[in-house]
Amino acid sequence: MVSVTNLLLCFLILSACEALKILVVYPVPSKSQSLLGEGVVRPLLKAGHEVTYITAFKYKNAPANLRQIDVSDNVNSFPSDQINLQKILANEVPTMKHGMVMFVMRGLQAQTFEYEHVQKFLSDPNEQFDVILSEWMMASLLAGLGPVFNAPFVWVTPMDVHSTVISMIDAAPNPAYTTDLLSARTFPFSFLDRVAELKYRVTEFAYDYMIHEPAETELYNKLIAPLIVKRGRKPPPYSEVRYNVSLVLGNSHISLGSTYSLPQNYIPIGGYHIDEKIEPLTKELKQLLESNNNGFIYFSMGSNLKSKDWPEEIKSGLLKMFGNLKQTVLWKFEEDLPNKPKNVHILKWAPQTSILSHPNCVAFITHGGLLSTTETVYAGVPIIGIPVFGDQPLNVKMAAHRGLGLGVKLSYTLVEDLKVAIEEMISNPRYKEKAKLLSSLYHDRPMKPADELVYWVEHVVRTRGAPHLRSPALLVPLYQRLYLDLAALVVFALIATLYLFRYLRKAISSKVDNDKKRN
Ligand SMILES: *[C@@H]1O[C@H](CO)[C@@H](O)[C@H](O)[C@H]1NC(C)=O
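Thresholds applied
Along every chain, residues carry numbers that run from 1 in the direction the sequence is written. In keeping with the predicted nature of the model, local features appear solely for residues at pLDDT of at least 70, side-chain atom pairs appear and are counted solely at 80 or more, and the whole-chain, interface and lining totals rest on all residues. Based on all heavy atoms of the structure, the side-chain values leave hydrogens and waters out of the count. Where a domain begins and ends is set by an automatic assignment or by a domain database. Classification of ring pairs rests on two measures: the distance between centres of Phe, Tyr or Trp rings, Trp counted by its six-membered ring, which must be within 6.5 Å, and the angle between planes, read as stacked under 30 degrees, edge-to-face over 60 and tilted in between. Throughout, exposure labels follow a simple rule: accessible area from a 1.4 Å probe, protein chains only, divided by the maximum for the residue type, with under 20% read as buried, over 50% as exposed, and the rest as partly exposed. Whether a charge lies above a ring is judged from NZ of Lys or CZ of Arg, which has to be within 6 Å of the ring centre and within 35 degrees of the ring normal. In this analysis, axes come from line fits to C-alpha atoms, helices being fitted only over the stretch in contact, and the angle between any two N-to-C directions falls in the range 0 to 180 degrees. Under the scheme used here, helices are H or I runs from DSSP no shorter than 4 residues and strands are E runs no shorter than 2 residues, and both carry numbers assigned from the N terminus. Working rule for contacts: check all heavy atoms of both residues, and any pair within 4.5 Å makes them a contact. Under this grouping Gly is polar, as are all residues other than the nonpolar Ala, Val, Leu, Ile, Met, Phe, Trp, Tyr, Cys and Pro and the charged Asp, Glu, Lys and Arg. Side-chain atoms within 4.5 Å are what join buried Ala, Val, Leu, Ile, Met, Phe, Trp, Tyr and Cys residues into a set we call a nonpolar core. Two strands form a pair only when DSSP identifies at least two bridges running between them. UniProt positions are given in the numbering used here, feature names are shortened, and annotations may be inferred rather than shown by experiment. Throughout, near means a residue has at least one heavy atom within 4 Å of the molecule or strand. In the analysis that follows, any N or O atom pair within 3.5 Å is treated as a polar contact, provided that within protein one partner can donate a hydrogen and the other can accept it, and provided that, for residues neighboring in sequence, both atoms belong to side chains. By definition here, a salt bridge exists when the distance from a side-chain nitrogen of Lys or Arg to a carboxyl oxygen of Asp or Glu is within 4 Å.

Novice: Tell me about the domain arrangement of the protein chain, and name the residues and values.
Specialist: As far as domains go, the protein chain holds domain 1 (17-274 + 448-475), domain 2 (283-443) and domain 3 (479-513). Here the C-alpha centre of domain 3 lies 50 Å away from the C-alpha centre of domain 1.

Novice: Explain the packing of aromatic side chains residue by residue, including any values.
Specialist: Counted by the stated rule, this structure contains 15 aromatic pairs. The interplanar angle of 55° and the centroid separation of 6.0 Å between the aromatic rings of phenylalanine 121 and phenylalanine 129 together place this pair among those described as tilted. Here the two residues phenylalanine 121 and phenylalanine 129 agree in accessibility, since each one is buried. On the numbers, 5.1 Å between centres and 85° between planes, the contact of tyrosine 455 with tryptophan 456 is edge-to-face. A residue is classified by how much of its surface remains accessible, and tyrosine 455, at 34% relative accessible area, is partly exposed. The ring of tyrosine 431 has arginine 430 lying over it, and the distance from NZ or CZ to the ring centre is 4.7 Å. Its end group placed over the ring of tyrosine 499, arginine 502 keeps NZ or CZ at 5.8 Å from the ring centre.

Novice: I'd like a rundown of the packing of helix H5 (residues 116-123) against helix H8 (residues 191-230), residues and numbers included.
Specialist: Here H5 crosses H8 at 35°, and the two axes come no closer than 10 Å. Between H5 and H8, the contacting residues are Gln119, Leu122 and Ser123 on the first element and Leu223, Leu227 and Lys230 on the second. When grouped by side-chain class, the residues that make up the contact of H5 with H8 number three nonpolar, two polar and one charged.

Novice: Requested: an account of the nonpolar core, with residues and values cited.
Specialist: Counting residues in hydrophobic clusters, the biggest one holds 56 residues, and the most contacted among them are Leu23, Met105, Leu145 and Phe149. In this view, leucine 23 contacts Thr52, Ile54, Phe121, Phe129, Val131, Ile132, Leu133, Leu145 and Phe149; residues no more than four positions away in its chain are not counted. By size, the runner-up hydrophobic cluster in this structure holds 35 residues, among which are Leu89, Val388, Val408 and Tyr431.

Novice: Provide a residue-level description of the sheet that holds strand E13 (residues 405-407), including the pertinent values.
Specialist: Taken in spatial order, the six strands of this open sheet run E10-E9-E8-E11-E12-E13, and their pairing is parallel. The outermost strands of the open sheet, each flanked by one partner alone, are strand E10 (344-347) and E13. The sheet shows a mean angle of 15° between the axes of neighbouring strands, taken without regard to direction. Examined bridge by bridge, strand E9 (residues 328-332) and E10 share four bridges and lie parallel to one another. Note that in E10 the partner of tryptophan 331 across the bridge is isoleucine 346. The strands touched by helix H15 (residues 414-427) within the sheet are strand E8 (296-300), strand E11 (361-366), strand E12 (383-385) and E13, with E12 carrying the most contacts at an inclination of about 160°.

Novice: How would you summarise the UniProt feature "transmembrane region" (unreviewed entry) in the protein chain if you had to cite specific residues and measurements?
Specialist: On the UniProt side, "transmembrane region" (unreviewed entry) is annotated at positions that read residues 482-501 here. The distance from the first to the last C-alpha atom of residues 482-501 is 30 Å, and the span holds 90% helix and 0% strand.

Novice: Lay out the site of the ligand in plain terms, naming residues and giving numbers.
Specialist: In the region of the ligand, the neighbouring residues are Pro152, Pro236, Glu240, Asn244, Arg464, Gly465 and Arg470. Within the side chain of asparagine 244, one N or O atom sits 2.5 Å away from an oxygen atom of the ligand. In terms of residue class, the shell around the ligand is made up of two nonpolar, two polar and three charged.

Novice: I'd like a description of the pattern of salt bridges, backed by residues and values.
Specialist: Close approach of charged atoms lets side chains of opposite charge pair. Under the counting rule described, the total for this entry stands at 14 salt bridges. The closest approach of N and O atoms between lysine 315 and glutamate 312, which form a salt bridge, is 3.4 Å. Of this pair, lysine 315 and glutamate 312 both sit in helix H11 (residues 312-323), separated by three residues, roughly a single helical turn. Judged by relative accessible area, lysine 315 falls into the buried class, the value being 7%. Taking the relative accessible area as the measure of exposure, glutamate 312 reaches 55% and is therefore exposed. With a closest N to O distance of 3.9 Å, lysine 315 and glutamate 335 form a salt bridge. Remark: glutamate 335 occurs in the loop between E9 and E10 and lysine 315 occurs in helix H11; sequence separation between them is 20 residues. Its relative accessible area of 29% is what places glutamate 335 among the partly exposed residues. Each of the salt bridges in this network shares a partner with another, and the network as a whole consists of Asp208, Glu213, Glu216 and Arg242.

Right, dumping it as structure tokens:
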């Protein structure tokens, strides 16, 4: 009996010792980012770790092992008014170029360090963490938290694999067959594609080298280095901190998109945000979805784009077109719509994964956000994508490329274009078949993605920053990677040989001349 109690006690002590102190940072005030943040926090809490969560969106029903630091004021410096369908349609919004996105994100990260309550938290020497996780969103300043707490640092990216994020942990991938997030190319590349991608990468590299990294360095020296000094350590240079992350946990999976070859410390955990306990549908909704033998189409433009911003003529055109379909249409829309046809139903809030998982779902009309495209692959439903901004064009292109669905351009002829796409999708079974195939790929993994997340975070702590996973490429300067030193040597040798030959020829011919003269 004693041994059993002892064992139990040992176990309790052991598990208490094993609870890690983890800092998770999600400062971007957008609903979909917060879903990803919660997707990180939830499994870590479940595994019994103590989590401190710096977030723009409160985690609801927080358990005792979660402490939250609220940075919801970040919403004030986020250009959310730019994410407006009407303005985007009318071309009133400058398309978010690489540099613009980086400028906004850099500012947002800096601001997160500036709040008084965050400064107080960061300056408190009693605050210690075993590991820090933060989302990587086009700026890397948050990596400075690693040296503040003298702890390993892990990025979690909200997007599919792309060249910028790989460049943080490895040599930049070859532009001849890999794409960046915003250039959004799918393989195979034509000659012009390859040239355009190269130009894009060179521009991006120049922007990062000349503007982004220097600006981040300045912010690091101003906002973060003093915190490290306060803790009695010498701040390492930012150029080292930026490229010293232990891992990147990527919101990607082979079933969702690109087939990049990945460095050892990039771990694809796409789908980790999906709670495996799929919420059952309400009785009413279930009845509605099962009332039509032709199935239903689910339509949602995500949580950032507001349906009310659809121009009137498109709204009424959509209603009329949907009214002529044999299927039920379930439209996630924030307001009530008058004059709805009988087969169209509005939901102000939709349990998306549960709806997509219903076997009667024949198609999903979506903006192509990565969370939505992941959930649709999870459930095996084909999509019609209407991409609007950010990574959505890439996600939709990728989906179309892989046969999972069709893309429709956001334009004033949307209603007609969408009608054509819906007809094609309903009459041609290949989309559904492909969706099922990708879904089986998605589920065919050794571990659930959320469990994988926990495993790798613990691995980083166990191995003190997982240095064994790092790519040696980061330590090799670009000129060496491109063998420019060898090229220089070869050119030098050629020129030297040429000169030598010339010299010898001259010497010989003058000797011959001399000899002739003497004779
Ligand atoms: C880099 O990370 C490792 C492990 O996380 C840490 O021990 C080291 O001090 C870091 N170096 C710098 C320059 O931040």
